[in-house]
Amino acid sequence: MKKHLFYSLSLLLALTLTACSNNDNETLETSIQNQEETSQQNQEYAELGSGAHLVKFPEDLEEGIVFATYDRGDIHEDIYVNSKEAIEAAQNGEEFPSDTVITLVGYKDGELDQYLVMEKRTGWGSQYSPEERNGEWEYQAFTPDRKVREDNIGRCFTCHANQERDDYINSMDQMKEFDLGEISQSKNSSTEAPIAAMPTEDWKISKISAHMIDSEVINKEAINVVDGQEKSKVIQDVLMKMFLQQFES
Ligand code: HEC
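Residue indices follow the written sequence of each chain, beginning from 1 at its first position. This being a predicted model, a pLDDT of at least 70 is required before a residue's local features are given, and a value of 80 or more before pairs of side-chain atoms are given or counted; all residues contribute to the totals for chains, interfaces and linings.

## A look at the sheet that holds strand β3 (residues 100–108)
The criterion, for reference: At least two bridges found by DSSP between two strands are what make those strands a pair. Labels follow the DSSP assignment, with helices taken as runs of H or I lasting at least four residues and strands as runs of E lasting at least two, numbered in each case from the N terminus. Between the N-to-C directions of two axes lies an angle of 0 to 180 degrees, each axis being a line fitted to C-alpha atoms and, for a helix, fitted only over the stretch in contact.
With antiparallel pairing, five strands are arranged side by side in an open sheet as β1-β2-β3-β4-β5. In this open sheet, the two edge strands, each paired with only one partner strand, are β1 (65–72) and β5 (137–142). In this sheet, adjacent strand axes meet at a mean angle of 15 degrees when their direction is disregarded. Pairing geometry for β3 and strand β4 (residues 111–120), over nine bridges, is antiparallel.

## A short note on the site of the ligand
Going by this rule: Each residue receives a C-beta atom placed from its backbone. It is near a molecule or strand if this atom lies within 6 Å of it.
Surveying the vicinity of the ligand reveals 21 residues, the closest of which are Leu116, Cys156, Cys159, Asn170 and Ser171. Counting only elements with at least two residues in the shell around the ligand, the list comes to β2 (75–81), β3, β4, β5 and α4 (154–160). No other element matches α4, which puts four residues into the shell around the ligand.

## Observations concerning the pairing of β2
Bridging between β1 and β2 involves seven bridges; their strand directions are antiparallel. Following the sheet pairing, Tyr70 is matched in β2 by Glu77. As consecutive antiparallel partners, β1 and β2 are separated by two residues, and within that stretch Gly73 has a phi angle of approximately 60 degrees, a positive value. Bridge count for β2 against β3 is seven bridges, and the pairing is antiparallel. From the neighbouring strand, Ile75 faces β3, where its bridge partner is Lys108.

## Some thoughts on the confidence of the model for the chain
Inclusion rule: On a scale of 0 to 100, pLDDT captures the predictor's confidence in every residue. Throughout, a residue-residue contact means that the two C-beta atoms, derived from backbone geometry, are no farther apart than 7 Å.
With 67% of its residues at a pLDDT of 70 or more, the chain has an overall mean of 80. This stretch, residues 11–25, has a pLDDT under 50; its non-local contacts, to residues over four places away or in other chains, come to one contact.

## Let's talk about helix α3 (residues 84–91)
What counts is decided by this rule: Any residue surrounded by 20 or more other C-beta atoms within 10 Å of its C-beta is treated as buried, while 12 or fewer makes it exposed and the intermediate range makes it partly exposed; C-beta atoms here are placed from the backbone. What the arc covers is the set of directions going from the helix axis to the C-beta atoms.
Here α3 has its buried residues at Ala86, Ile87 and Ala90. Each buried residue of α3 lies within a common arc of 100 degrees when the element is viewed along its axis, so the set occupies one face.

Set out below in structure tokens:
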């Protein structure tokens, strides 16, 4: 309803305006022309790399996933991505989610040499020309002590632009082939700690003797409720069993 009213009002306004401005047609046209000219001047695009300051050093780097490594002579590179979701997106042929951070940690002769970071966020890159921008990615280079390194960030764009069809990353094949099962296993090699840390307040545990399990007459929740230390122990044991069974099957 409101929409209709709005349209009718705008139509009426437009008609009135045309009627009134009939005499001033010339001035109206020139002013439109002027407006077009100024907006064309505003279309000047930002210099490639001028948004690099948006990319901060990824402090949570080590929590990320190394999905690719490169060895070339005395150079070794570990490529990290900050989320499992990014890998899943790549594997499903979807775009990387906003907030994806990919970091190249470079070593030379076994010594930490540099950090190269690319980060993608919704809306980033819109200041660059459509031909030059790398989608929504910005780039930044950091020294081994994690400080911004003076660099020509524009060259990151021009080279990574060659990978446009892989959302601007070079290591797409490795990401697609990366086995996500690998990380849940390696992370879970110390499973007891995360399981022990699980909050158990909201769980209810009852002890029911085996022959009563199928009985419908008993209120399974109310009888023999287990609490406190014993309760968390039972929950942890069950979770642990479930976890281990997943690998046996
Ligand atoms: C001459 C081309 C070129 C330039 C310039 C370049 N890169 Fe790369 N970049 C690559 C290639 C190729 C790889 C794959 C790893 C390799 O081969 O060492 C890569 C890998 C990366 C990766 C890991 C993700 C991926 O694409 O596989 C990041 C992050 C990265 N570069 C950031 C940067 C930053 C930041 C700059 C600018 C300071 C930059 N790159 C400049 C070619 C380039």
